[in-house]
Structure formats: structure tokens, C-alpha cells
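In case you want the letters, here they are:
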Amino acid sequence: MLPHSRSTAMRLCLLTILAILSFTTATTASSAAAVDPTSVREDFINTNLHRILDLTNPSIMREHSTVVIKAVNDAGAKEYYLTVPAEISEKSLAVLEVEVRQSKNGEGVKAVVMKDKYDASRSAQLYKVKLPNHLKKDEVVYLIINAAYTNAVKPFPKEVTMKSMQHLEYQGNAYLWSPYRSERQKTTVRVPRDEVLRFTSQPEPVTKNGNVVTYGPYDNVEPYASGFLHVHYADPKAILVVKSLERKMEISHLGGNLAVQEDYELHHEGAKLKGHFSRVDYSFSQWNHHQTNVVKDLTITLPPDAKHVFYRDTIGNVSTSNLRHERQRSVLNIRPRYPVYGGWKYTWHHGYNVPTTSFLKRNTEHPSQFAFRIPFIGGLPNVTITKAVVSIVFPEGAKNFKIRKPFDMDRVSESTTYTYLDTTGRPTITFEKHNVVDEHSQPLLITYELPATSLLQKPFAVSLAFFALFALGAVYSRLDLSITKDPKAEQEQLLQTYRSTVDKLARAETRLVNNLASVFRSLKSEKRLAEYKDATADIEVKIKAGWAKLVDAAKQAENAVLTTIHPASSSPTTTTKATTTTLNGSLSPAATFAAQIRQLQRLQEQRLAKMRAMHEHIVRATTAKSDAKLDPAARKELESVVANLDREIEQLAEQIRVAGQKLVD
Amino acid sequence: MLGLSPSSESAWLRVTVLSLIAILAFSTRLFSILRFESVIHEFDPWFNYRTTIELVENGYYNFVNWFDELSWYPLGRVVGGTVYPGIMVTAGLIHKVLNWLNFPIHIREVCVFLAPLFSAFTAVAAYLLTSEMKNTSAGLLAAAFIGIAPGYISRSVAGSYDNEGIAIFLLVYTFYLWIKAVKMGSAFYGAMTAIFYFWMVSAWGGYVFITNLIPLHVFALILMGRYSPRLYVSYSTFYIIGTISSMLIPFVGFQPTRTSEHMAALGIFGLLQIIAFVELIRSHLSANQFQILFYGLISGFFLLGLAGLVALTVGGYIAPWTGRFYSLWDTGYAKIHIPIIASVSEHQPTPWTSFFFDLQLLMVLFPAGIYFCFQELRDEHVFVLLYAGTASYFAGVMVRLMLTLTPIVCVAAAIAITTGLETFLTSTGPPPAAVAVSSPTLDEKKGKDAKAAKSVEKKQKNAPRVKGVWSWDAKLALIVPITIMLAQFAFHCTWVTSNAYSSPSIVLASRKADGSQHIIDDFREAYYWLRQNTHEKAKIMSWWDYGYQITGMSNRTVLVDNNTWNNTHIATVGKAMSCSEDVSYEVMRKLDVDYVLVIFGGAIGYSGDDINKFLWMIRIGEGVYPKDVTERKFFTERGEYKVDEQATPTMKNSLMYKMSYYRFPELFGGGPAHDSVRGATIPNKPIKLTTVDEVYTTENWIVRIYQVKKPDNIGRTMSAASTFGKKRRRRVRKRTAARRSTAGRRRRQD
């Protein structure tokens, strides 16, 4: 206890010196400018005032004040002023809201609070509260002032061991720092536990009851009165400060999906770890961890229908997380890679997908108008966020944005984001705000227009790209970039066009032959072989026409090659020589091709002839059978002839197949 | 099938099958992603990943000029000049193109999926190469083999972002282009070979294999009397463009003209010029004159060249072979001269089992394929033979080089199976003598097995029963076993991939009692702790294995890392780990060490920990500091390596031992402290650390981090300072305790 009180005493000394110094500067300043009209105000008095300093949350200090104000001027007044020390206003004040009530428990009206002048003499920042009604003389209203401060409490001692309790201290003013005179006021300090090491007992009366320390009530407090208030109390909770939060949301109309990702950089600013971390001590003191300021896990609230939840950090996925769905919300419980002790930090990002149904509404009158409503922050409560950057990515083609902010932002900017298959990019609105606390999880409302046609932009762009690709391919395959023409390749290319026709003809022929065979078979089974000739005449004509076409094709191919290679030469005899035999004496491709076609045609002719012959034999045999008995020797001979023919036809068919393939390759 | 002509139909079929194989090759490598996450694996990939990020963020020129002060403290590392930039540039380019097309894929994903992607390309390259050797059906088979062969998968699973990941594709494709060039005598293909060779040089040190194999091929062809203008054109084009472009890589620089590894290529280039010259003269001279000139010229040139080479080597213009190459000839070399190379497990000679583990069926088919190559022995088959011979030798010497053997094994096995199947399936019977029409050649029937088989069936209805190779039972006797073996092979490959090669090694998995997976993430826990909670400039000492991971994941300076170029520096760290605290403290102070990181598996049974690697630290340390470190002293009288009661005093006093077992017995609450890796009981006597403080130990004790204490204010040794303080404090405590106890007694008396 001794060193503590000594240091407090020293601090008191310092504070007095500072106070004196500031007082002297103030007096010199005021002597220069006779009376500062903003300093002390007399249009109101605070008739009754109760202030509660809520220290139960180590990261955020909340101040709830109920002030009964009375207008004292004859003219009455409409503007009430609040003062906050400049330093606190700049660095620590996160929220300042005022509600005006006509009676203590009556309906409240939110009043507009504006930052006003800066009082240099007292280094005080003034805030102007616009009351909803002009107050006449002696009229009374209730003001409910809610404020939240960050960095308000500090750990003392600054370092604790792994197993010991953390203590925090708060320093402030026992009075409300007001430019008005107060008739009666009281300040209540609420700390998380009964265990309060020390609290200033001046100005009297000061009482402690459980976890509540009460200063006052005081009567007739002068404007800008100050009384040093200091509370030193036990609190095992960590002071968590998110130095940077980046929250990115992406709306997809096609998928009806909202993708959210949040990047955190979390610092533990509670009492630092004294000595070093020891795993043995850590595991053997498991049952005492709630007594120390170690952070083992964090609970993050997500929308109830969140899915595809992930939790990663810079070096990969962290497997120690747990997600459970409840009716009103989903709870993501994450465990950092290591227990976070005082002075340590941890960074991570998590994200999820959620259907847009609960965030995005379509205007029923104007179907292309949409309203998007989402909390500014949310998820991890009870932390201070030093800097929050929230960006919302809208679908491609969205325009005419109207933004309704629940509070002032430090910066709002627009940009364009490009992601998968974007062409014109997605409009993005980025909000930036410093010093953010739980109270800021109020909804942002953004309305925008998205014409139905822009939904087609993406498929259109993709098909256009593919079309371009194919078109390019088509053009490229027709380009000839060779320096010298290769006559062989040239011919080959030309012949390629004939190959397909030849292939078709060859296939048609085979089909017709098969057809012929099947007609024969069916006639045979029906014992109508006499009609065979008539039935197949038609097919035969077709086959022969095919042969003629084949021969034609062969000739055409030859001629075409001749005319393209030597279009100028008039005498056909010389050109034939030149192309059919090249320098080496081997046949030119065109000549080979023609020869192959002719060969194929010959084979086909052979096959048909053989087939015919076979059929004839069988027809003769069957007709003979019906007339008279065939003697066994002749029958056997006939059978062998037929079998031979059949085998030959098979072989020919195989050869034709091969020849046809050779032509195509 | 599609109403197309047979040729385009088979082309479509081929494309479809090949793309399916490529997809299979890609997806079979994704086990670790499905099981764990998309994360960079192991050790070296972390360095590649870090440099890729540097490249992507700061551009190519900054990357080439990058001086990395995080590694090799206090020396640092000129990354641009000491790295093969191929893989980083490849990944960076892919990333850039995707981003340019508005696909904002994170560079990590590009890196993780790079190796599987290139494996798919490798399958295509193997298809092309084998098609040149045999035919397209063999090509498809080879593509399928290389797509799933574990020997290749071992280095190309998703997350294994290492040079080999793209190098094997480049190797196979370069060889394909080379074969094409030789076949056609085309300068275009020669130039393409050179360009892919350049890519390969930029990607992997194994490019030396190409540098020597292609000249060897040329040389063999010349010896076989197969010199031709085609050979001259292709090799000359390849060599000139390839060599000049390879010298653009800063790490390679003038090596192609100055080191012995590259001399063979240069020599063959010269030889080709001479031969071409001789050929030219021969066409202008009579045979007699030519004879005289020939001997004079050839021997003169040869002697001149040899003398020049020797003179340059002696004069120091050409560097002699490096130690790594000697270790390729003599497997015992490294153990004696360069323990650091021998300490890497992948540099050990390959055990026989691992051939079968990695290649299974292919290993059996490999010789058959080689035999069939001998049968045909065209120019490209000579290449296969040479490749197979050299790669088999190297794969036997070093486990790691199994990788270069795998492609050729796949090619040879595919040739073997295809030849076998063709012999049995496409021959339709004894050659028909009766038909006079020009008989179709065998060649045209290849690759149309199915159709041929159909026609065979048809034929059998009419023809008399055939025997021998042509009978259906013989065909069945071949097809059924081959089908079974191939299916078995596929199962084996999947099993090996899933069980042996798909662990990221920075994340470990175990099974809980209920069978669910439990992830052990101690490495990242410790690395992330270092990243977040230590000073940015902190220097971390650990064994070199973890260097890349610490710089990659913790973003902190390390003393040594996996780029083991400086043996002395590593030995210094080895010395610091193996000496007593006071000696180590001096070393650590000199090296500005702030934190020491050790891996300790005793608590959970992780066998790859530092105590098991300790012998190598001692050996490497002894190699440079024989006065301070003696390996013998770490063994007991009976020559055993012990960590329990019987451990030698040197062992017990070594920094590594102390840091590993510091407060370990306390875990067991007074019972026998059981080290589950070594099955030893650690003495319960508390270990006192005087020069370092424990600052962090991970959940399962795998990583332990210690902070080096500040030196004593009045210049005592740390041990003296600590005992001085302790004694005094103890006395004080005793006294107060005594007082308190007497006070208590008094109170009780009251």
C-alpha cells in the first residue's frame, strides 16, 4: 500500500502544479480579453444532477447523467452547453448523446448535439445541445446525457505475473464539469467488484457500498468546479483495443448473397505480463485463468443465417473455432493461436456469407430501387476500436447512392472495385471512423438504383469474350504466315476438302451394300427370292451412282490441284507430268490420292460383284431346291463356293475399310 | 460416335481422354487441401512463397536486387543473385494475368495450386513425348502413369510450392521438343527446345541434367554413325540459344562457360562443328586425300581441345566439379567431407523399397519398355535408353533424384504395355496368303484396338479356330492380368498420395478417441507468437531446418536457414546448441541472438525434433570447431546416445538438452518424466538455465522459445551472477519464512 499512496500523492502534487499553471495562464488570458462570453453561462442552472460513472467494462467507460435544468433568464433559452476537457474530447470521447424529457420517466426526445467553440482559457471543448423547445423562465426539463469514453482506465501496477489479479485505476472529476451552477449534484462510481483498493475520500461526503462508490450529494456547486476523483479497483477483465478494423461487405444481387469479411488487429492493453509466459504454470493454473487478465477466446456474434464461416490469420486457417446457430444469431467462438496476455497482440480475419433478404429491400413502387441496411460494426462487443474502416461493395451498375449515416464519419469516400468477371467495376463506398465503441453498431442506410439490365452485363461480357476468342481462333487458323509456300502442304490442304466428300461416299456405299445384304436376308427368310432382282435394282443404281461420284471426285481432286498449283500453264499434258511425279520420282499427294480413290472404287466393285455372285448361287440353289432335289455332291460344292465367296467378301470389306481410312488420314 | 470421320473421332477421343487425365493429375494432388487447408507446405516452399510475395509486391527489378536482411544474420542474402527465379516469376505472371483479367486471386492460392497445375501439363508433355517414341495410345498411357505416379506426386502436391513442381514439366517438355527437333532437323524446334531449356534453367538446378543428357544423346548418335544435318541443325540451334539465354539468369551467370558441369555441352558443340566441316571437305576431296586429312585434322582438333580444357581447368578459369557432384559418384563422400549435405534425409542413397513404393508396377514394366526401345532403336529410342540409364543411376544415389527417373519410367512402362497389347490384340490372325489385294500394313491399325478386336470377333465366326497368339484365350490371359495390375496400381498410387505425401508438415493431425480429427498446430502457434509479440528486429536462433519457416511465417531475422551455403555459420549455430551455457552465451552474444527456438517432441511424441537431429548439429559443429565440440563426449561409455539418467555430463550440460527438457519433468507432477519419442525417463532434477529465459512454449510443447538474457552489469559470467543472486535471495527468504512461522506459532499460542 505504501508505494501506491506515495505515488498517488506525487501525482496529486503534479496535478496541483498543473492546475496552478493552467490557472495562471487562464488569468493572463482572461486579462487580455476582458470576459470570455463562453466560459461561465448563467442562462440555466442545474437544479439536480446525478452522474453515474460505469467502470464495469474496462475497455469502455460509460457516463450516464441525469440533469434537471432550469432556465433562469427572463428571455428563457434554447441552447444548453456541455463541456468536456479538450484532451478527453479529442482522444477519448467516443459517444455523446442527449435525450430531453419533460418529466423524469416521460417520453424522451433525442436532442441534436453539436461540437461548439473551444474555450482556450480552460482548455475545454464545448458542445451545444439544441433543446427541442424554447424554455421560458423557470421552466424545467430533464436531460439524460449518455457518454462513452475510451482509454479512460489504466492498469496499475502496470505489470502483473501470470497468476495474479489485475488492478485498474480511474482518475476524474468528482463533479460534473459544467459551465452552469448546480444546486445539487451527486456522482456514483460503479466498479466491477467489491474489491476497491483505494478511492479518494475528498470532497466529502464519500461513501462506498459494495461495488458502488458515491461522491456527494453536494450542494451549490460552482461552474467548472473540480474535485480530484481516483478509484483503484480490481478487475480481471482484459482491456481490449482493436487498433484497426477493416470490414468489407460485398452485395451480390444475382446470388442474393452478402459476403462479409472483417480484419482485426487486437491489442491487449491491460496490465502487461510480468516475467515470461510459462506453459507449465499456464497448464497448472487453469482453474485460475478467470482471475487473471488472459484472453483465451473471443465470442463474435453473427447473423442467424450466416454460412461459410471462416477464421484465418496471416499464415493460414486457425482450427480452434466453434460455430453454433441460435434462433436470433449465430455465435462464432474463436480461440487465438496463443493465449493473449497483457502487452501482446493478435491479428486475424474472419468472414461469412449471409443471404441478403434481411439486409436488402426492394422498393415496391420503383423496382430498380434498393435499400441496404446494415450495422456499421458488430460482432465483437466490449472492445474499443481505434480506427474502423467499413467498405461496402455494390453490384456492377449501381448508381444514385443516398447515404443515411446514424452518426458523423471521419471520412466517406467512393471508389471502384474489380473482382471476378467485372468489366466496369463495382462502386464501393468506404466509411472511416476513429474511436468506435459498441454504441456505434447502429445501422447505415444506403439506397441505390440498379437497373435490371445491368444484371445481364456479366453474362454478356463473358459471352463476348468467348466469342472474341473463337473469332480470333477462326481467323488465326485461316492465316498463312509461312514465308515460302510448301507445294506439298498446299496440295494436302486442298485435298483435305475432298477427303470428307470421299469419306461420306465410301460410308454411303458400305451402308448401301449392307442394305442390299439385309434385303437379301429378309427375302430369303420370307422365301421370296424370286423377287430378288427387282427389289435390289434400285439399290444397285444408287451404288453405281456413288461409284461415279467417287471417280468424279478423284478427277476433280487431280484437276483442282493442277489449276491451283499451275494456274497459268495452259497445256494439261505438261502439268500432269509435273505434278504427278515430283523431282524425286515419287508420286505427288494428289496423284496418290486419286489412285487411292480409284483403288477403293475397284475394291467396291469387286465386293459388289462377289456379293452378287454369292446371292445368285444361293438363289439358284433355293429355286432348284423347290423344283427338284439337289444331289448332295452339287449341294456340297455350292456350299463351299458360297462360303469361299463369303470369306472373300469379308476380306474385301476389311480392305475397303482400311482403304477408306487411308484416304481420310 | 459423333458422326465424324474416324480420324477426327479418334482425335476427339484422344483430347477428351487427355483432358480427363490432366484433371485427374490435378485433383489427385489436392488431398492435403481437403484434409487441412490451402497452405504452403514444408520448408523450402516457405522461402519461395516469401520471395514470390516480394516479387509481386515490388516488381521484378526490385526482386532481382533484393537484399534480404532477414536471413543469414549478420550476413544477409542477395536473393536475386542466389535463387532460381523461375518458379516465382511463373507464379507471379499467372497472378498478374489473372488480376489483369479481374480475377483477384490471392498469390497464396496461385502458389499452392501451381504444382498440381503443372502436373497436369506434365501429363500432356508425357503424352507428346511418348507419342513420338511409339504412338498415341502409348502416349495416353504414359500421361495417365505420370499423372498418378507417387514418385512425382511426392514433390508436386498442392502447397508444395517448390522448384521441382514446375521443373519436371519443363524437363519432359524440353525433351519432347528436342526429340521433335532431332527427328525433323528443324531449327524452329531447336529454338523452342532452347527456350524451354531457358525456363528450366531459371527454375531448377537440375537443369544440368538436360545440359549433359542432350550432348550425351548427340554423342551417342555420332558414335553410332548416325550423324546427319538434322542433328547438326537441331543441336547447334539449341546450344547457342540455350547457352546464351541461360546466362541471363543471375544465379547461373558465366557458369556455362566456366564450370565443368557444362563442358560436355560445349565439347559436343565443337565436335559437331568439326564433323560438319569434315563432311563438307569429304564431298570435295577424293577418298585417299581425305583419309590423310581426316586423321590429321580430327586428332589435331581433339588434342587441342582437350589441352585447352585441361589448361583452363588448371589455370582456374574453369571451376572443377563441386562437392555435391562428387557425392553423386561416391555416396560416402558427403558423410566424410560435407556432413551438412549428408544430414538432409532426401540426400541419402535410395533404399530398394522406395523404388517400389514410388513406382510399383512401373518398376517392373520399365525394363520391358527399355527392351522394346532397343528393338526399334531409332534416334529417339537412343535418347530414352540414355535417359533411363543415367536417371536410374542417379535415382539410386539420392532419394531426391527419384523425381527425374519417374518420367522416363512412365514412358518406358507405357511403351511396354502398349507393345504387349498391340501384339496380342491388333494382329487378326495368320497373314492371309490367298487375297491378292495390297495387304494393309500393321502401322495403320495401331491405336484402333477396339475396332480391330471387333473385326477379329466377326472373323472368328467364319474362319477355322486359330491358335497361339491369335486365339481369344491367349488374348484374355493377357488382358485380364494387365487390367487387374493397372487397377491395383491406381489404388496403390492413391493410397500413397493420401497417406505419405499429403501432409503439409507444418500442421500435424492426430485422431481423437472418438475418431474425429484433431489438429496439432504448434508450429504456427509459435511462429505467430513470434510475429506478433517480439520486436521487429529480433534475431532468432534455431537449427537451419526452421529458418525459412521462421522468416516466412514470423517475419523475423534468423541466423541460418535452409539455403545451406555457409557451412561455418551453420557450424557456429551447431556449436552454440551443443556447448555448455557459458560457452554458448558468448557465441549468442556475438551473433546478437535475442531468441532461441527449439523443437521438442518428447511431450507428444513428435519424432522429428531437435534432440533427434542433435547429432548432426554436433557433427557439423565439430567439423569447424573441433576444440569446442567432440562427438564422442555425447555418447555414453557403451557408445549409446542417451538422454536419461545415463546421459553424459556433456550432453546434460549442452544448451540444447537443457532447453528441451527445461521444466519438462514438472509436467508429470513428481512421477517419472517420460520422453515418448526416445522412450526414456528424464531425470527429475530441475534444470537451471542461467543465460536464457523461457518465454513461450506451445500447447503440445513442440516449439519452445527462449530469450537470451542481457549481460551482467558488472561483467560476471551469467552462471556466477545467477548463483550469487540466488544464494542471497534464498537466505533472505529463509529468514522471513522463519520469522513468519514463529509469528504464526506465537499467534496460535495466543
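Quantities reported herein were computed from a predicted structural model and do not represent experimental measurements.

(A) Representation of the overall build of chain A within the structure. The number of helices and strands found in chain A is nine helices and 31 strands. Looking at chain A as a whole, 29% of its 665 residues qualify as buried. Counting contacts in chain A only where the partners sit at least 6 residues apart, residues at least 24 apart contribute 77% of the total.

(B) Highlighting the overall build of chain B. Scanning chain B from N- to C-terminus turns up 31 helices and eleven strands. Taking as baseline every contact in chain B between residues at least 6 positions apart, the subset at least 24 positions apart corresponds to 72%.

(C) Broad picture of the interface of chain A and chain B. Each partner contributes residues to the interface: chain A has 35 residues there, and chain B has 36 residues. Secondary-structure elements contributing two or more residues to the side of chain A that touches chain B are helix H3 (279-284), strand E21 (316-317), strand E24 (345-355), helix H5 (487-525) and helix H9 (632-664) of chain A. Ranked by residue count, the leading element in the side of chain A that touches chain B is H9(A), at ten residues. Looking at the side of chain A that touches chain B, its residues break down into twelve nonpolar, eleven polar and twelve charged.

(D) Representation of the UniProt feature "domain: STT3/PglB/AglB core" (unreviewed entry) in chain B within the structure. Here the UniProt-annotated "domain: STT3/PglB/AglB core" (unreviewed entry) positions come out as residues 540-596 of chain B. From the first C-alpha to the last, residues 540-596 of chain B spans 6 Å; its make-up is 53% helix and 11% strand.

(E) A look at the domain arrangement of chain B. All names here are of chain B. Once the domains are mapped, chain B shows domain 1 (17-321), domain 2 (519-708) and domain 3 (711-743). The interface is formed by twelve residues belonging to domain 1 together with 18 residues belonging to domain 2. Class assignment of the residues belonging to the side of domain 1 that touches domain 2 gives a composition of eight nonpolar, one polar and three charged.

(F) Representation of the sheet that holds strand E22 (residues 321-325) of chain A in the model. All names here are of chain A. The strand order across the open sheet formed by three strands is E19-E23-E22, and the pairing between neighbours is antiparallel. The sheet is open, and its two borders are formed by strand E19 (298-302) and E22, each paired with just one other strand. Taken pair by pair, the neighbouring strands of this sheet meet at an average axis angle of 20 degrees, ignoring direction. Sheet analysis places E22 next to strand E23 (residues 330-334), joined by five bridges and oriented antiparallel.

(G) Inspection of unusual backbone geometry at higher detail. The peptide bond linking A:Phe156 to A:Pro157 adopts the cis configuration, its omega dihedral lying at 0 degrees. Secondary-structure assignment places A:Pro157 in the loop between strand E8 (153-155) and strand E9 (159-160). The omega angle of the peptide bond from B:Tyr73 to B:Pro74 is 0 degrees, so this bond is cis rather than trans. Relative to the assigned elements, B:Pro74 resides in the loop between strand E1 (67-68) and strand E2 (77-78). At A:Asp138, a residue that is not glycine, the phi angle is positive and equals roughly 70 degrees. Here A:Asp138 shows up in the loop between strand E6 (124-135) and strand E7 (140-150). With 9 C-beta atoms packed within 10 Å, A:Asp138 lands in the exposed category.

(H) Geometry of the packing of helix H4 (residues 86-100) of chain B against helix H9 (residues 187-203) of chain B. All names here are of chain B. The geometry of H4 relative to H9 is characterised by a closest axis approach of 6 Å and an angle of 110 degrees between their N-to-C directions. Between H4 and H9, the angle is such that the two are roughly perpendicular. In this structure, H4 uses Gly86, Ile87 and Val89 to contact H9, whose residues at the interface are Trp199, Ser202 and Ala203. Residues of the contact of H4 with H9, tallied by class, amount to four nonpolar, two polar and no charged.

(I) Highlighting the UniProt feature "coiled-coil region" (unreviewed entry) in chain A. Sites flagged by UniProt as "coiled-coil region" (unreviewed entry) map to residues 635-662 of chain A. Between the end C-alpha atoms of residues 635-662 of chain A the distance is 40 Å, and the span holds 100% helix and 0% strand.

(J) Molecular detail of the environment of B:Asp358. With respect to the helices, strands and loops of the structure, B:Asp358 is situated in helix H18 (residues 352-359). Residues B:Asp358 and B:Ser154, spaced 204 residues apart in sequence, show a C-alpha to C-alpha distance of 8.5 Å.

(K) Layout of the packing of helix H20 (residues 379-397) of chain B against helix H21 (residues 402-425) of chain B. All names here are of chain B. Contact geometry of H20 with H21 gives a least axis separation of 8 Å together with a crossing angle of 140 degrees. Here H20 is positioned oblique relative to H21, judged by the angle of their axes. With respect to the hand of their crossing, H20 and H21 are arranged in left-handed fashion. Counting all contacts with H20, which are made through Val384, Tyr387, Ala388, Ala391, Ser392, Phe394 and Ala395, the residues of H21 involved are Met402, Thr404, Leu405, Ile408, Val411 and Ala412.

(L) Quick look at H9(B). With 17 residues, H9(B) ought to run about 24 Å at 1.5 Å a step, and its terminal C-alpha atoms sit 24 Å apart, in line with that. Of all 17 residues in H9(B), 13 are buried, a share of seventy percent or more.

(M) Here's a closer look at the pairing of strand E4 (residues 93-101) of chain A. Residues and elements named next belong to chain A. Bridging between E4 and E7 involves eight bridges; their strand directions are antiparallel. Of the residues in E7, the one forming a bridge with Leu93 is Tyr149. Where E4 folds back on strand E5 (residues 108-119), the antiparallel hairpin that results is connected by six residues.

(N) Local environment of the confidence of the model for chain B. All names here are of chain B. Mean pLDDT over chain B works out to 84, with 88% of the residues at or above the 70 mark. This stretch, residues 433-454, has a pLDDT under 50; its non-local contacts, to residues over four places away or in other chains, come to 25 contacts. Every residue in residues 729-750 is under pLDDT 50, and counting partners more than four places away or in other chains gives zero contacts. ipTM for the predicted complex: 0.79, alongside a pTM of 0.79.

(O) Inspection of the sheet that holds strand E20 (residues 307-313) of chain A at higher detail. Read from one edge of the open sheet, eight strands run E21-E20-E24-E17-E16-E27-E30-E29 (chain A), paired in mixed fashion. Edge positions in the sheet fall to E21 and strand E29 (411-417) of chain A, since each has one partner strand and no second. Against the sheet, helix H24 (residues 522-533) of chain B touches E20, E21 and E24 of chain A, its axis set at about 115 degrees to E24(A).

(P) Inspection of the confidence of the model for chain A at higher detail. Residue and element names in this part refer to chain A. Residues of chain A with pLDDT of at least 70 account for 88%, and the chain-wide mean is 83. Within the model, pLDDT remains below 50 along residues 23-35, and this stretch shows six contacts once partners closer than five positions in the same chain are excluded. Every residue in residues 567-585 scores below 50 in pLDDT, and together they form 17 contacts with partners more than four places removed in sequence or on other chains.

(Q) Spatial organisation of the pairing of strand E7 (residues 595-599) of chain B. Residues and elements named next belong to chain B. With five of five residues buried, E7 lies mostly within the body of the structure. Neither face of E7 is exposed, since Tyr595, Leu597 and Ile599 on one face and Val596 and Val598 on the opposite face are all buried. Judged from the two bridges that link them, strand E5 (residues 539-541) and E7 form a sheet pairing that is parallel. Bridge pairing in E7 places Met541 opposite Val596. Pairing geometry for E7 and strand E11 (residues 703-708), over five bridges, is antiparallel. Residue pairing across strands places Val598 opposite Arg704, the latter belonging to E11.

(R) Representation of the environment of B:Tyr706 in the model. Residue and element names in this part refer to chain B. Following the sequence through the fold, Tyr706 ends up in strand E11. Residues Tyr706 and Asp693 lie 13 residues apart in sequence; the distance between their C-alpha atoms is 5.3 Å. Residue contacts for Tyr706: discarding those within four places in its chain leaves Tyr595, Val596, Met659, Val692, Asp693, Glu694 and Val695.

(S) Up close: the environment of A:Thr150. Residues and elements named next belong to chain A. Residue placement: Thr150 occurs in strand E7. Taking the C-beta count within 10 Å as the criterion, Thr150 has 24 such neighbours and is therefore assigned buried. Each C-alpha atom, one on Thr150 and one on Ser59, is 6.4 Å from the other, the two residues being 91 residues apart in sequence. When residues no more than four places from it in sequence are discounted, the contact partners of Thr150 are Ile60, Ser92, Ala94, Thr384, Asn435 and Val437.

(T) Inspection of helix H3 (residues 44-64) of chain B at higher detail. Residue and element names in this part refer to chain B. Here H3 contains 21 residues, and its C-alpha end-to-end distance of 19 Å is more than 12% below the 30 Å for a straight helix at 1.5 Å per residue. At Asn58, H3 shows its maximal bend, which comes to roughly 125 degrees. Among the residues making up H3, those that are buried are Pro45, Trp46, Phe47, Asn48, Tyr49, Arg50, Thr51, Thr52, Leu55, Val56 and Phe63. Contacts from the buried residues of H3 go to H4, helix H5 (107-133) and helix H25 (547-554).

Rules used throughout
- Residues numbered from 1 in each chain as written.
- Chains lettered and ligands numbered in written order.
- Predicted model: local features only at pLDDT ≥ 70, side-chain atom pairs only at ≥ 80, totals over all residues.
- Helix = DSSP H or I, 4+ residues; strand = E, 2+ residues; numbered from the N terminus.
- Buried ≥ 20, exposed ≤ 12 C-beta atoms within 10 Å, placed from the backbone.
- Contact = placed C-beta atoms within 7 Å.
- Nonpolar A, V, L, I, M, F, W, Y, C, P; charged D, E, K, R; others polar.
- UniProt positions renumbered as here; feature names shortened; annotations may be inferred.
- Domains from an automatic or database assignment.
- Pairing = 2+ DSSP bridges.
- Axes fitted to C-alpha atoms, helices over the stretch in contact; angles between N-to-C directions.
- Parallel < 35°, antiparallel > 145°, perpendicular 65-115°, else oblique.
- Left-handed = near helix turned anticlockwise from the far one by under 90°.
- Expected span 1.5 Å × (residues − 1).
- pLDDT = per-residue confidence, 0-100.
- Bend = angle between axes of the 7 residues up to and from the residue.

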